[in-house]
Amino acid sequence: MHVVTPGGAALGPASPFGAEAALRAAGAVRERAGVDAAVEIAIVLGSGLGALADAIEEAEHIPFSGIPGFPDAGVVGHAGAMIIGRLEGMRVAALAGRFHIYEGHDPKLTALPVRVMHALGARTLIVSNAAGAVRRGLAPGDLMLIDDHINLMWRTPLAGPPEPGEERFPDMSGPYDGELRAIARDVARDAGIPLAEGTYCAVLGPSYETAAEIRMLGRLGADAVGMSTVPETLVARALGMRVLGISCITNLACGLTPSPISHAEVLEVTGRVGERLQRLVRGTLGRID
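Residues numbered from 1 in each chain as written. Predicted model: local features only at pLDDT ≥ 70, side-chain atom pairs only at ≥ 80, totals over all residues. Heavy atoms only, no water.

K.L.:
It is not clear to me how the overall build of the protein should be interpreted in this structure. Could you clarify?
P.N.:
Looking only at helices and strands, the protein has 6 helices and 11 strands in total. What you see for the protein is a C-alpha radius of gyration of 18 Å, in line with the 19 Å of a compact globule of 289 residues. Expressed along its principal axes, the backbone C-alpha trace of the protein runs to roughly 55 × 40 × 35 Å. Expressed as a percentage of the 289 residues in the protein, the buried residues total 53%. Carbon and sulfur atoms form 53% of the exposed surface of the protein, whose accessible area is close to 11,800 Å². Across the protein, the mean location of the 25 positive side-chain charges is 3 Å away from that of the 32 negative side-chain charges. (Helix = DSSP H or I, 4+ residues; strand = E, 2+ residues; numbered from the N terminus. Rg over C-alpha atoms; globule rule 2.2 N^0.38 Å. Buried < 20%, exposed > 50% of the residue type's maximum accessible area, 1.4 Å probe, protein only. Areas by Shrake-Rupley, 256 points an atom, 1.4 Å probe, with all protein chains shown as cover. Lys, Arg positive; Asp, Glu negative; His and termini not counted. Charge placed at Lys NZ, Arg CZ, Asp CG, Glu CD.)

K.L.:
Would you mind going over unusual backbone geometry with me for this structure?
P.N.:
Among all residues except glycine, the phi angle is most often negative; among peptide bonds, the trans geometry is most common. Residue proline 206 is reached from glycine 205 by a cis peptide bond, and omega for that bond is 5°. Its place among the elements puts proline 206 in the loop between β9 (195-203) and α4 (211-220). A positive phi angle, near 50°, is found at glutamate 58, a position not held by glycine. Assessed through its relative accessible area of 59%, glutamate 58 is described here as exposed. With phi around 55°, glutamate 88 is a residue other than glycine that occupies positive phi space. Its location among the elements puts glutamate 88 in the loop between β5 (81-87) and β6 (90-96). Taking relative accessible area as the criterion, glutamate 88 reaches 37% and is therefore assigned partly exposed.

K.L.:
When you look at helix α3 (residues 178-191) in this model, what are you seeing that I'm missing?
P.N.:
Three- or four-residue spacings in an α-helix give side chains the same orientation, since the helix completes a turn every 3.6 residues. A rise of 1.5 Å per residue sets the reference length of α3, with its 14 residues, at 20 Å; its end C-alpha atoms lie 20 Å apart and thus fit the reference within 8%. For α3, every residue scored as buried is listed here: Leu180, Arg181, Ile183, Ala184, Val187 and Ala188. Summarising the axial view, the buried residues of α3 lie within an arc of 160°, below the 170-degree limit, and thus occupy one face. Away from its buried face, by an angle of more than 90 degrees, α3 presents the exposed residues Glu179 and Arg189. Elements that come into contact with the buried residues of α3 comprise β7 (124-133), β8 (143-152), β9, β11 (242-252) and α6 (263-287). Regarding α3, its N-cap is aspartate 177, as a side-chain oxygen of that residue lies 3.1 Å from the backbone nitrogen of glutamate 179 further along. (Expected span 1.5 Å × (residues − 1). Arc of directions from axis to C-beta. Contact = heavy atoms within 4.5 Å. Polar contact = N/O pair within 3.5 Å; in protein donor to acceptor, adjacent residues only side chain to side chain.)

None of this, on its own, says anything about what the molecule does.
Right, here's the structure in full:
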């Protein structure tokens, strides 16, 4: 199968992780979940943040192994399943786990779940991650709304022939929806949840950053750093989806603390703040028109 432009010119083989693959996977999800109604909200849960999935009602769990094109989740703290159900009265598709470029995956694969959830009907994406603090004043356990990002992965899932239904040159002047951020801020204020806001920088990983790299990222304008989220946001924006991004600050980045950084620490902190993230997301869903 080849991708064809509106003018009829063939652009080469279709991506195994593009629009056609997303439609096939969405069909399999519908069949496994036994639902026909369109999904309204897509949710991606980062390392250790899968507890929100337990709050989903009428939930149908589809393991990644049951979705065409999905490999198994390869990171501790990622359950490796898509959950279809209801949360705050809205039909949601939640991804408990994600795929990372540092695992050796094609950048397009890292964003395939977003294409699948869009094919299921979702037009809003809520994406969360575990991140290290670059900005002084952020502390482990803080939640940070993402108001912008810096892509230092040097990869993009949008490279290659344009996918049907996706904008070739999506505008990124406001990748994280201002209205959704305003709702989240109101929810946090009313619920007494401390909420920071800042710029997320995505790096390739899997090694944590050096102290010199963290100093560089701070000078570039980064407030927090992680190894995900940006590929998913890029594809969501190309599809015209609204995006709300939330980072869970799990550690002080290298150079801001004498202690070494470990993935165990990341999971311990996300386990502690998962309840606050759940209240923030659920409260935000409850106020989305």
